[in-house]
Amino acid sequence: GESVGLHLPTLSVQEGDNSIINCAYSNSASDYFIWYKQESGKGPQFIIDIRSNMDKRQGQRVTVLLNKTVKHLSLQIAATQPGDSAVYFCAETFGTASKLTFGTGTRLQVTL
Amino acid sequence: GAGVSQTPSNKVTEKGKYVELRCDPISGHTALYWYRQSLGQGPEFLIYFQGTGAADDSGLPNDRFFAVRPEGSVSTLKIQRTERGDSAVYLCASSHKGLNSPLHFGNGTRLTVT
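These notes cover the structure that comes with them. (Residues numbered from 1 in each chain as written. Chains lettered and ligands numbered in written order. Predicted model: local features only at pLDDT ≥ 70, side-chain atom pairs only at ≥ 80, totals over all residues. Heavy atoms only, no water.)

What follows is about the sheet that holds strand β3 (residues 19-24) of chain B. All names here are of chain B. Reading across from one edge, β1-β3-β8-β7 is the order of the four strands in this open sheet, with antiparallel pairing throughout. Looking at which strands have only one partner, the edges of the open sheet turn out to be β1 (5-7) and β7 (65-68). Here the strands of the sheet are splayed against their neighbours by 15° on average, with no regard to which way each runs. Pairing of β1 with β3 involves three bridges; the strand directions are antiparallel. Looking across to β3, one finds that Ser5 is bridged to Asp24. (Pairing = 2+ DSSP bridges. Helix = DSSP H or I, 4+ residues; strand = E, 2+ residues; numbered from the N terminus. Axes fitted to C-alpha atoms, helices over the stretch in contact; angles between N-to-C directions.)

This part covers the interface of chain A and chain B. If you look at the interface, chain A gives 29 residues, while chain B gives 22 residues. Across the chain A-chain B interface, the total number found is one salt bridge. A salt bridge links Asp56 of chain B to Lys99 of chain A, with the nearest nitrogen and oxygen atoms 3.9 Å apart. Taken together, the connections running from chain A to chain B amount to five residue pairs in polar contact (both at pLDDT 80 or more). Mapped onto the side of chain A that touches chain B, the elements with two or more residues apiece are β3 (32-38), β4 (45-51) and β8 (86-93) of chain A. When residues of the side of chain A that touches chain B are assigned to their parent elements, the largest contribution, four residues, is made by β3 of chain A. Its residues assigned to classes, the side of chain A that touches chain B shows 12 nonpolar, 11 polar and six charged. (Contact = heavy atoms within 4.5 Å. Salt bridge = Lys/Arg side-chain N within 4 Å of Asp/Glu carboxyl O. Polar contact = N/O pair within 3.5 Å; in protein donor to acceptor, adjacent residues only side chain to side chain. Nonpolar A, V, L, I, M, F, W, Y, C, P; charged D, E, K, R; others polar.)

Take a look at the structure:
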């Protein structure tokens, strides 16, 4: 299938290392954030979310950090695996807004 | 359980033709969204349904685009007089509660206008 994000920033990590993917969001009023993983030919897959009243949330092998002061979001993946190779998007929304606004995405390449 | 289903997975049409793209959301999800994704970009919002009504259609680019959800489940995105610039992947998503809850996406329909 056709690749998602042919000209996206790329992060290359070795299998077993930790990955950190960063996102600068645009709206200081945003209060809900989501990380999505998108593999080629597929739709975005929900990974983890965080609300603005938190600065850290952990899932299985993933951690999201939120710094509202500098409008920065990061996704940490522990012990990165080949199956983690994909494009990762952060998305934001606020209040009663119905729409998610997606960032530009980062391609994660896991090398063996 | 079954995820969001979109048909067709690929659609090739000639400029000026009319197309319909179908979305079958996760059972029980009241909120349904359409997004459009161009190559190398993140998805862009088109329209949001809560139940049968379009609660926010501010992302529809022009009046050639229209979407319906007559029974509050399946939705159809309709594009009239297609243009080459309409070529993109059209993604549908649904969520249980709507606002501020995770969206679950389908695999999209890749539309190519020749």
